[in-house]
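Below, each chain spelled out in residue letters.
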Amino acid sequence: MENDLVTKGSVLKLIEDIKQNPEIPKNYGTLLDIMRVIGKMPTAYDVDKVIETFETYKSQQFQNEMLSDNEKWLVQRVIDECTNIVKPK
């Protein structure tokens, strides 16, 4: 469960649903504060899925006959650098 991703939108919708439910006692100021904090949080992403997308793109560009060898090298280098940013070695 530690790698489960939850979107900001789903959390904000959950809080909004709680806010709208008359059967749940609440403090609206606190709910709004929580919503603001969540809205400012950095976006989480699935690292492995990002890496997989990079690798797929890299292999597609390697087979692209429209690119010169230098352009293919550059694309691969940029993708490798992006991969290292997302998942450092």
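This one's a predicted model, so the numbers in the text were calculated from it and none came from an experiment.

Colleague: Before we move on, can you summarise the pattern of salt bridges with the specific residues and values?
Modeller: Tallied over the entire structure, the rule returns six salt bridges. In this structure, Lys58 and Glu55 form a salt bridge, with 3.8 Å as the shortest nitrogen-oxygen distance. Of the two residues, Lys58 and Glu55 are both situated in helix 3 (residues 47-62); the distance of three residues between them amounts to about one turn of the helix. Of the charged contacts in the structure, one is a salt bridge between Glu81 and Arg77, with a shortest N-O distance of 3.0 Å. Of this pair, Glu81 and Arg77 are both found in helix 4 (residues 69-86), four residues apart, which corresponds to roughly one turn of the helix. Overall, the relative accessible area of 36% leaves Glu81 in the partly exposed class.

Colleague: How would you explain the confidence of the model for the protein if you had to name every residue and give the values?
Modeller: Taken as a whole, the protein shows an average pLDDT of 80; of its residues, 93% reach a score of 70 or greater. Per-element confidence in the protein is highest for helix 4, whose mean pLDDT is 86, and lowest for helix 2 (residues 28-40), whose mean pLDDT is 76.

Colleague: Tell me about a nonpolar patch on the surface, residues and numbers included.
Modeller: On the surface, Trp73, Leu74 and Val78 cluster together to form a nonpolar patch covering roughly 330 Å² of accessible area. By secondary structure assignment, the location of Val78 is in helix 4. With relative accessibility at 43%, the residue Val78 sits in the partly exposed group.

Colleague: Kindly report on the environment of Trp73, identifying the contributing residues and their values.
Modeller: One can find Trp73 in helix 4. Between the C-alpha atoms of Trp73 and Phe62, which are eleven residues apart in sequence, the distance is 8.4 Å.

Colleague: Break down the environment of Pro88 for me, citing the residues and quoting the values.
Modeller: Turning to its location among the elements, Pro88 is positioned in the segment after helix 4. Expressed as a C-alpha distance, the spacing of Pro88 and Ile15, which sit 73 residues apart in the sequence, is 35 Å.

Colleague: Go over the side chain of Thr83, please, and point to the residues and values.
Modeller: Tracing the sequence through the fold places Thr83 in helix 4. Once you skip the residues sitting within four places of it in the chain, Thr83 turns out to touch Ile51, Phe54 and Glu55.

Colleague: So, the packing of helix 3 against helix 4: which residues are in play, and what are the values?
Modeller: Viewed as axis vectors pointing N to C, helix 3 and helix 4 meet at an angle of 175°, and their least axial separation amounts to 10 Å. On the basis of the axis angle, helix 3 is roughly antiparallel to helix 4. Here Val47, Val50, Ile51, Phe54, Glu55, Tyr57, Lys58, Gln61 and Phe62 of helix 3 come into contact with helix 4, specifically with Lys72, Val75, Gln76, Ile79, Asp80, Cys82, Thr83 and Val86. When the residues that make up the contact of helix 3 with helix 4 are grouped by side-chain class, the tally is ten nonpolar, three polar and four charged.

Cut-offs applied
Residues numbered from 1 in each chain as written. Predicted model: local features only at pLDDT ≥ 70, side-chain atom pairs only at ≥ 80, totals over all residues. Heavy atoms only, no water. Salt bridge = Lys/Arg side-chain N within 4 Å of Asp/Glu carboxyl O. Helix = DSSP H or I, 4+ residues; strand = E, 2+ residues; numbered from the N terminus. Buried < 20%, exposed > 50% of the residue type's maximum accessible area, 1.4 Å probe, protein only. pLDDT = per-residue confidence, 0-100. Patch = residues over 30% accessible without salt bridge, like charges linked within 9 Å, V, L, I, M, F, W, Y side chains within 5 Å. Areas by Shrake-Rupley, 256 points an atom, 1.4 Å probe, with all protein chains shown as cover. Contact = heavy atoms within 4.5 Å. Axes fitted to C-alpha atoms, helices over the stretch in contact; angles between N-to-C directions. Parallel < 35°, antiparallel > 145°, perpendicular 65-115°, else oblique. Nonpolar A, V, L, I, M, F, W, Y, C, P; charged D, E, K, R; others polar.

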